[in-house]
Amino acid sequence: DKGSKKNHFIFSGWMGSYSGIKMNDAWKEDCLDGLSCIKIDYNPKNTIGAMWHGIYAQHPVNNWGNKAGGFDLRGYKRLTFWAKAGEDNTTINEFKIGGITGEFSDSDSASIGPITLTKDWKKYEIKLDGLDLQKIMGGFCYATADDVIPEKGMTLFLDEIRYER
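Summary of the structure given here. The shown structure was predicted, so the numbers you read here are calculated from the model rather than taken from an experiment.

Rules behind the numbers
- Within each chain, residues carry numbers counting from 1 in the order of the written sequence.
- Side-chain atom pairs in this predicted model are given and counted only at pLDDT of 80 or more, local residue features only at pLDDT of at least 70, and totals for whole chains, interfaces and linings cover all residues.
- Excluding hydrogens and water, the side-chain values take into account all heavy atoms of the structure.
- Think of it this way: any DSSP run of H or I at least four residues long counts as a helix, any run of E at least two long counts as a strand, and we number them from the N terminus.
- For this analysis, a polar contact is any N or O atom pair within 3.5 Å, provided that within protein one partner can donate a hydrogen and the other can accept it, and provided that sequence-adjacent residues contribute only side-chain to side-chain pairs.
- By definition, residues are in contact when any of their heavy atoms lie within 4.5 Å.
- Strand pairing is assigned whenever DSSP detects at least two bridges linking the two strands.
- For helices, the axis comes from a line fit to the C-alpha atoms of the stretch in contact; other axes are also lines fit to C-alpha atoms, and the angle between any two N-to-C directions lies between 0 and 180 degrees.
- The classification of residues rests on relative accessible area computed with a 1.4 Å probe and restricted to protein chains. Under 20% of the type maximum is buried, over 50% is exposed, and intermediate values are partly exposed.

Details of the side chain of Thr91
Next up, step 1: Along the chain, the position of Thr91 falls in strand β6 (residues 90–92).
Next up, step 2: A distance of 3.2 Å separates polar atoms of two side chains, one belonging to Thr91 and the other to Thr116.
Next up, step 3: Not counting residues within four places of it along the chain, the set of residues in contact with Thr91 comprises Pro114, Ile115, Thr116, Thr144, Val148 and Ile149.

Spelled out as structure tokens, the structure:
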């Protein structure tokens, strides 16, 4: 939920054709649990060039490896999250943690995908066993290509993104 003290990463790392993204991180309709969830709308007609888009949840805000930050997540076994789409057969190429590079790089990364979403909430898991999680600045990310989503664009809903032991 927006404003929760348990939130440590901020959805600030907009990537690719980010001009087509609209995000509401306090969406209150048809959320899985709690007071709010995240709603991301993407319209490929409002973009220039990249033909893909995504958003990283980062620490600190807008950190692309140029600032010290992140969290020690050692001991966590999985990242779980719930996702759904505005319409069936919406593909997300990748959901990910870590992977930010630069002077202050993430210590590791893991991902799942591609995943084809439906209009129903479903729980997903990224396994973290065996990873070096001593410094993670890219706490969660999604990315997808324009050629795997509906031509008119897509809506992605995310809720209950959690690191679990």
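After that view, the rundown keeps rolling.
Focus: the sheet that holds strand β11 (residues 138–145)
Next up, step 1: Reading across from one edge, β1-β4-β11-β7-β8 is the order of the five strands in this open sheet, with antiparallel pairing throughout. Either end of the sheet is taken by a strand with one partner, and the two such strands are β1 (10–16) and β8 (109–112). Ignoring strand direction, the axes of neighbouring strands in this sheet form an average angle of 20°.
Next up, step 2: With three bridges connecting them, strand β7 (residues 94–98) and β11 associate as antiparallel partners. Considered in β11, the bridge of Lys96 is made with Cys141.

Some details on unusual backbone geometry
Next up, step 1: For the bond from His59 to Pro60, the omega torsion is -15°, close enough to zero to count as cis.
Next up, step 2: Position of Pro60 relative to the elements: it lies in the loop between β4 (52–58) and β5 (78–85).
Next up, step 3: Cis geometry is found at the peptide bond from Gly113 to Pro114, where omega equals 0°.
Next up, step 4: Inspection of the secondary structure assignment puts Pro114 in the loop between β8 and β9 (115–117).
Next up, step 5: We note that Asp30 has phi near 55°; this positive angle belongs to a residue other than glycine.
Next up, step 6: One can find Asp30 in the loop between β2 (21–27) and β3 (37–42).
Next up, step 7: Looking at Asp30, the relative accessible area reads 55%, which means it is exposed.
Next up, step 8: Of note in the backbone geometry, Asn89 takes a positive phi value of approximately 65° without being a glycine.
Next up, step 9: Along the chain, Asn89 falls in the loop between β5 and β6.
Next up, step 10: Given a relative accessible area of 59%, Asn89 falls into the exposed group.

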